[in-house]
Amino acid sequence: MNLIKKRILIEDMHCTSCGMLIDGELEELEGVKSSTTNYAKAVCEVEFEEGVVSIEEIITKVKETGYKARLF
Amino acid sequence: MNLWVVFLTGLTVGGLTCLAVQGGLLASIITEREKENLGKKKHKKETLIPTFAFLIAKLGAYIILGFVLGLLGQTLSLSDKFASYMQMAAGFYVLAIALNLLDVHPIFRYAVIQPPKFLTRKVRDTSKSKELFAPALLGAMTIFIPCGTTLAMEALAISSGSPFAGALIMGAFVLGTVPLFIALGYVTIAIGHSFKAQFLKYAAYALIYLGVTSVNASLVSLGSSFTLQNLSDVLPKVTIGNPKPTTLTTAPVVDGVQTAEIGVYGNGYRPNYIRLKANQPARINLVVKGNLGCTSFFRIPELGISKNLVDTGSDIIEFTPKRVGKMTFTCSMGMYTGVIEVI
């Protein structure tokens, strides 16, 4: 199992609950071990299993949730 | 406290920011329950009951929270001065939240306190529950995921220094969030970002008003000369219509004591402007008219006078004005004020 950590820059969050929403969506993705979104820094730190899920898929998921996202 | 503005803030911002998330969570509960009902061959779609259960529980939880925060404020208000500083801090905090809503600078994002992850996880888990009481539980648990505006209201509730005022503030705010929640149901999540941004602006203005009045009120109670009331004194005045004269000219002298009477009402003082001569003993008769809120506490910060007024009848304060100029008298929170001009 090859766990890697990446940081994603997220725009358009209104409050800390948006972070909760994003974490919830990401952690439901298969292969994502944990997601921690910091509202103040507008950064999401995601830990996932390489090969099971890709960072592109993760970013797409954030976008689907309604936020702008790109790799930090 | 301007409960209407608090309500209005709820109506605008509370209706949207938190709602985008809370509505989404509630939607997820409703979907879970629908799946259950489908299994039981109940095809009726139930959204109204869970929505109301959610809202009522939320309102109840916030009223209790407001009560506790007010109580905390009361405990912290060890002195009048400290209470005023607390009110000032709350005012600046509210302003920081408003500036964050207006996207003035990313630094203001730090004003929004992020709840710990175990709490947000708990809230999320609740939203996946199929339990009958899950919508109500979720409603109550929203106190753990406050948005910036909610935090601003909580700061005001603490600075109110009274459990009942705190409960009223939080109650008015959450009540304000209800109409939009019912109107839009849980579909708010689909609202576009540009519409949201527009709405947030109005909420920010309401917050700026609350923040500025809070800071100003603290300055009034601290006896500062830099207050909005004094500022408006030096600005040119435009009078429309027939303003009620509230000025009482030089107080009559009885037995060598200049005597004035001020009617104390629940919403202020009448007259709110009295004129006294310097270096001559003065007596002010405070006549209580009707039910008092924060006006039940009368203060002249400059002279260090503070008096808790009787419920009915009248109270007397005596002093000898020395410094020529204007000084402010005020209620405990600095919301209602008047001027004593010493000539």
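Everything quoted here is computed from the prediction, not taken from an experiment.

Let's shift gears to the overall build of chain A. A count of helical and extended segments in chain A gives two helices and four strands. When the elements of chain A are put in sequence order from the N terminus, they spell out β-α-β-β-α-β. Among the 72 residues that make up chain A, the fraction classed as buried is 50%. Taking the contacts inside chain A whose residues are at least 6 apart along the sequence as the reference set, 61% of them involve residues at least 24 apart.

Interface size, as often reported, equals the accessible area lost upon joining of the parts. With 22 residues of chain A at the interface, the matching set in chain B holds 23 residues. Looking only at chain A, the three residues that lose the most surface to chain B are His14(A), Thr16(A) and Met20(A), adding up to 34% of its buried area. Between Glu27(A) and Arg121(B) there is a salt bridge, with the nearest N and O atoms lying 3.2 Å from each other. Scanning the region where chain A abuts chain B turns up nine residue pairs in polar contact (both at pLDDT 80 or more). Within the residue set of the side of chain A that touches chain B, elements represented by two or more residues are α1 (16-27) and β2 (32-38) of chain A. Looking at the side of chain A that touches chain B element by element, the count peaks at eight residues for α1(A). Taken together, the residues of the side of chain A that touches chain B sort by class into eight nonpolar, nine polar and five charged.

All names here are of chain B. Averaged over all residues, the pLDDT of chain B equals 79, while 83% of them reach at least 70. Predicted confidence in chain B is weakest over strand β1 (residues 247-248), with a mean pLDDT of 59, and strongest over helix α3 (residues 48-76), with 90. Within the model, the stretch residues 239-243 combines pLDDT values under 50 with zero contacts to residues more than four positions away or in other chains. Model confidence for the complex: the whole-complex pTM is 0.68, and ipTM, which rates the interface, is 0.77.

Here we come to helix α4 (residues 80-101) of chain B. With 22 residues, α4(B) should reach 32 Å at 1.5 Å per residue; the first-to-last C-alpha distance of 32 Å fits that figure. Looking one or two places after α4(B), you find Asp103(B), whose phi comes out positive at around 60°.

Residue and element names in this part refer to chain B. Interhelical geometry of α3 versus helix α7 (residues 148-159) gives an angle of 45° and a closest axis separation of 7 Å. By the angle between their directions, the pair α3 and α7 is classed as oblique. Only Thr150, Glu154, Ala157 and Ile158 of α7 make contact with α3, whose side of the interface consists of Tyr62, Leu65, Gly66, Leu69, Gly70, Leu72 and Gly73. Broken down by class, the residue content of the contact of α3 with α7 amounts to six nonpolar, four polar and one charged.

What follows covers the packing of aromatic side chains. Residues and elements named next belong to chain B. The final tally for this structure, using the stated rule, is five aromatic pairs over all chains. An angle of 85° between the planes, with centres 5.6 Å apart, marks the rings of Phe67 and Phe164 as edge-to-face. Residue Phe67 is located in helix α3, and its partner Phe164 is located in helix α8 (residues 163-184); the two are separated by 97 residues in the primary sequence. Look at Phe67 and you get partly exposed, because its relative accessible area is 34%. Given a relative accessible area of 61%, Phe164 falls into the exposed group. A centroid spacing of 5.6 Å and a plane angle of 85° characterise the contact between Tyr269 and Phe298, whose relative ring orientation is edge-to-face.

Conventions adopted
- Residues numbered from 1 in each chain as written.
- Chains lettered and ligands numbered in written order.
- Predicted model: local features only at pLDDT ≥ 70, side-chain atom pairs only at ≥ 80, totals over all residues.
- Heavy atoms only, no water.
- Helix = DSSP H or I, 4+ residues; strand = E, 2+ residues; numbered from the N terminus.
- Buried < 20%, exposed > 50% of the residue type's maximum accessible area, 1.4 Å probe, protein only.
- Contact = heavy atoms within 4.5 Å.
- Buried area = accessible area lost by both parts, 1.4 Å probe.
- Salt bridge = Lys/Arg side-chain N within 4 Å of Asp/Glu carboxyl O.
- Polar contact = N/O pair within 3.5 Å; in protein donor to acceptor, adjacent residues only side chain to side chain.
- Nonpolar A, V, L, I, M, F, W, Y, C, P; charged D, E, K, R; others polar.
- pLDDT = per-residue confidence, 0-100.
- Expected span 1.5 Å × (residues − 1).
- Axes fitted to C-alpha atoms, helices over the stretch in contact; angles between N-to-C directions.
- Parallel < 35°, antiparallel > 145°, perpendicular 65-115°, else oblique.
- Phe/Tyr/Trp six-rings, centres within 6.5 Å; stacked < 30°, edge-to-face > 60°.

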